[in-house]
Amino acid sequence: MLFMILFTIILGLGMLTTPAHGHVPSAPVKLSFAERATLCTHPISKKLFTIMAGKQTNLAVSADVTTKQQLLTLADAVGPYICMLKTHIDIINDFDWDLVEQLQALADKHNFLIFEDRKFADIGNTVTHQYTQGVHRIVEWAHITNAHTVSGPSVIEGLYAGLNDHTKNQRGLLLLAQMSSKENLISAEYTQKTIQLAHHYSDFVIGFICQEQLSNDPCMIHITPGVHLSKSGDDLKQQYNTPAYAIGTLGTDIIIVGRGIYQAFDQAQAAKQYRDIAWQAYLDSLPPFDK
Ligand code: S5P
């Protein structure tokens, strides 16, 4: 295994930035999540890969519900099947700090990370305040958040400035390198520059929100929204790929599923179904000696 890890690092270093849009030629050796947990030093990457390998799940549920009770009920129902719960905390009508505490208790109970999908996009000074202040004080409870890179490196440095001695190294950032919506304005060059920013700030940036594998650095995690059991869309230009296609063909690590799960009659059963398909696609993508 040591040989494999060294080989992959050497290979990865040669291919750290690969062309966006158009597939990265798949690396001859793909590491398992367990191997990546051993290799990666950022505590949040390590924790995430460890959870994924231990619980056997590469599913994140997007909890786009609008009341405290709906959010807690969903988190408890899908908790056993997910590595990460993604929130849009600003759509909760009756938000209070008790919700944060109950969510943290559920994350401990079921062993998943909390990802607040805040999509920060302002200058550094503003995002420091948005991350740490206001009603939600995201930095205090979300293990992971994300940012657009339209304002350049300032957004990353501003969020990093919001960390204190307690949260430093206990928070991870994802960069939006691609989007799922039809006719979005992200160009191949923007994606490429976002990949470079991620590598440059890898003591804080743990990966990407993207539509395909973008980096061969095994410590960069690829997380993909726009996933549904059928290749389809909605009437507001969302575009869906299937779980098997996202993991198996596009080479991503984690799928994000929202309506496909929280609108299901049986949320737990739907989460299990998505988890089973996505996990099998991951297993199928590993070299035979790693399974
Ligand atoms: O490109 C993106 C990025 C994100 S984070 N496309 C997305 O759809 N998302 C988020 O993923 C979106 O904000 C929503 O919370 C979730 C997709 O939800 P679904 O109901 O369409 O599965």
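Asker: Account for helix H4 (residues 68–78), naming residues and giving values.
Answerer: Within H4, the full set of buried residues consists of Lys68, Leu71, Leu72, Leu74, Ala75 and Val78. What you see down the axis of H4 is that its buried residues fit within an arc of 165 degrees, all on one side. Packing partners of the buried residues in H4 comprise strand S1 (59–63), strand S2 (84–87), helix H5 (97–110), helix H10 (259–262) and helix H11 (267–285).

Asker: Before we move on, can you summarise the site of the ligand with the specific residues and values?
Answerer: The immediate surroundings of the ligand are formed by 14 residues, with Asp64, Lys86, Ser180, Tyr240 and Arg259 found nearest. Residue Asp64 places a side-chain N or O atom 2.7 Å away from an oxygen atom belonging to the ligand. The separation between an oxygen atom of the ligand and a polar side-chain atom of His88 is 3.0 Å. Starting from 490 Å² of accessible surface for the ligand in isolation, the protein chains cover 91%. Split by residue class, the shell around the ligand holds four nonpolar, five polar and five charged.

Asker: Give a detailed account of the packing of H4 against H11, specifying residues and quantitative values.
Answerer: Between H4 and H11, the shortest axis-to-axis distance is 8 Å and the interhelical angle comes to 50 degrees. On the basis of the axis angle, H4 is oblique to H11. Between H4 and H11 lies a crossing whose hand is right-handed. Contacts between H4 and H11 pair Leu74, Ala77 and Val78 from the former with Gln267, Ala268 and Ala271 from the latter. Tallied by class, residues from the contact of H4 with H11 come to five nonpolar, one polar and no charged.

Asker: Can you break down the packing of aromatic side chains residue by residue, with the values?
Answerer: Following the criterion strictly, the structure yields seven aromatic pairs and no others. Members of the aromatic cluster, connected to one another through ring pairs, are Phe33, Phe49, Trp279 and Tyr282. Looking at Arg137, its charged tip hangs above the ring of Trp97, at a distance of 4.2 Å from the centre.

Asker: Got a sec to walk through the side chain of Thr191? Specific residues and values, please.
Answerer: The topology assignment puts Thr191 in helix H8 (residues 188–200). Taking relative accessible area as the criterion, Thr191 reaches 0% and is therefore assigned buried. There is a polar contact of 2.8 Å between the side chain of Thr191 and the backbone oxygen of Ala177.

Asker: So, the pattern of salt bridges: which residues are in play, and what are the values?
Answerer: Counted under the stated rule, the structure contains eleven salt bridges. Its salt-bridge partner being Arg36, residue Asp253 comes within 3.0 Å of it at the nearest N-O pair. Here Asp253, found in the loop between helix H9 (243–249) and strand S8 (254–257), pairs with Arg36, found in helix H2 (residues 33–39); they are 217 residues apart in sequence, far enough to count as distant. Residue classification places Asp253 among the buried residues on the basis of a relative accessible area of 3%. Its relative accessible area of 6% is what places Arg36 among the buried residues.

Asker: Outline the sheet that holds strand S7 (residues 221–224), supporting the account with residue identities and numerical values.
Answerer: One closed barrel holds the eight strands; their spatial order is S1-S2-S3-S4-S5-S6-S7-S8, and the pairing between them is parallel. Strand-to-strand twist across the sheet, computed as the mean angle between neighbouring axes with direction ignored, equals 30 degrees. The sheet contacts of helix H7 (residues 153–161) involve strand S3 (113–120), strand S4 (144–147), strand S5 (172–176) and strand S6 (205–209), and relative to S5 the element is tilted by about 160 degrees.

Asker: Explain the pairing of S3 residue by residue, including any values.
Answerer: In terms of residue burial, S3 counts as a mostly covered element, since six of its eight residues are buried. Note: S2 against S3, four bridges, orientation parallel. Its bridge partner being in S3, Lys86 is matched across the sheet by Phe115. Where the polypeptide runs from S2 across H5 and back to S3, its parallel neighbour, the crossover connection is right-handed. As judged from the three bridges shared by S3 and S4, these two strands associate in the parallel manner.

Asker: Can you tell me about unusual backbone geometry, naming the residues and giving the values?
Answerer: At Arg137, a position not held by glycine, the phi torsion is positive, near 40 degrees. Residue position: Arg137 is located in the loop between helix H6 (124–132) and S4. Classification of Arg137 as partly exposed rests on a relative accessible area of 30%. Of note, the phi angle at Glu183 is positive, near 60 degrees, even though the residue is not glycine. Relative to the elements of secondary structure, Glu183 occurs in the loop between S5 and H8.

How each quantity is defined
- Residues numbered from 1 in each chain as written.
- Predicted model: local features only at pLDDT ≥ 70, side-chain atom pairs only at ≥ 80, totals over all residues.
- Heavy atoms only, no water.
- Buried < 20%, exposed > 50% of the residue type's maximum accessible area, 1.4 Å probe, protein only.
- Helix = DSSP H or I, 4+ residues; strand = E, 2+ residues; numbered from the N terminus.
- Arc of directions from axis to C-beta.
- Contact = heavy atoms within 4.5 Å.
- Near = heavy atom within 4 Å.
- Polar contact = N/O pair within 3.5 Å; in protein donor to acceptor, adjacent residues only side chain to side chain.
- Areas by Shrake-Rupley, 256 points an atom, 1.4 Å probe, with all protein chains shown as cover.
- Nonpolar A, V, L, I, M, F, W, Y, C, P; charged D, E, K, R; others polar.
- Axes fitted to C-alpha atoms, helices over the stretch in contact; angles between N-to-C directions.
- Parallel < 35°, antiparallel > 145°, perpendicular 65-115°, else oblique.
- Left-handed = near helix turned anticlockwise from the far one by under 90°.
- Phe/Tyr/Trp six-rings, centres within 6.5 Å; stacked < 30°, edge-to-face > 60°.
- Lys NZ or Arg CZ within 6 Å of the ring centre and 35° of its normal.
- Salt bridge = Lys/Arg side-chain N within 4 Å of Asp/Glu carboxyl O.
- Pairing = 2+ DSSP bridges.
- Right-handed = clockwise from strand over helix to strand, strands pointing away.

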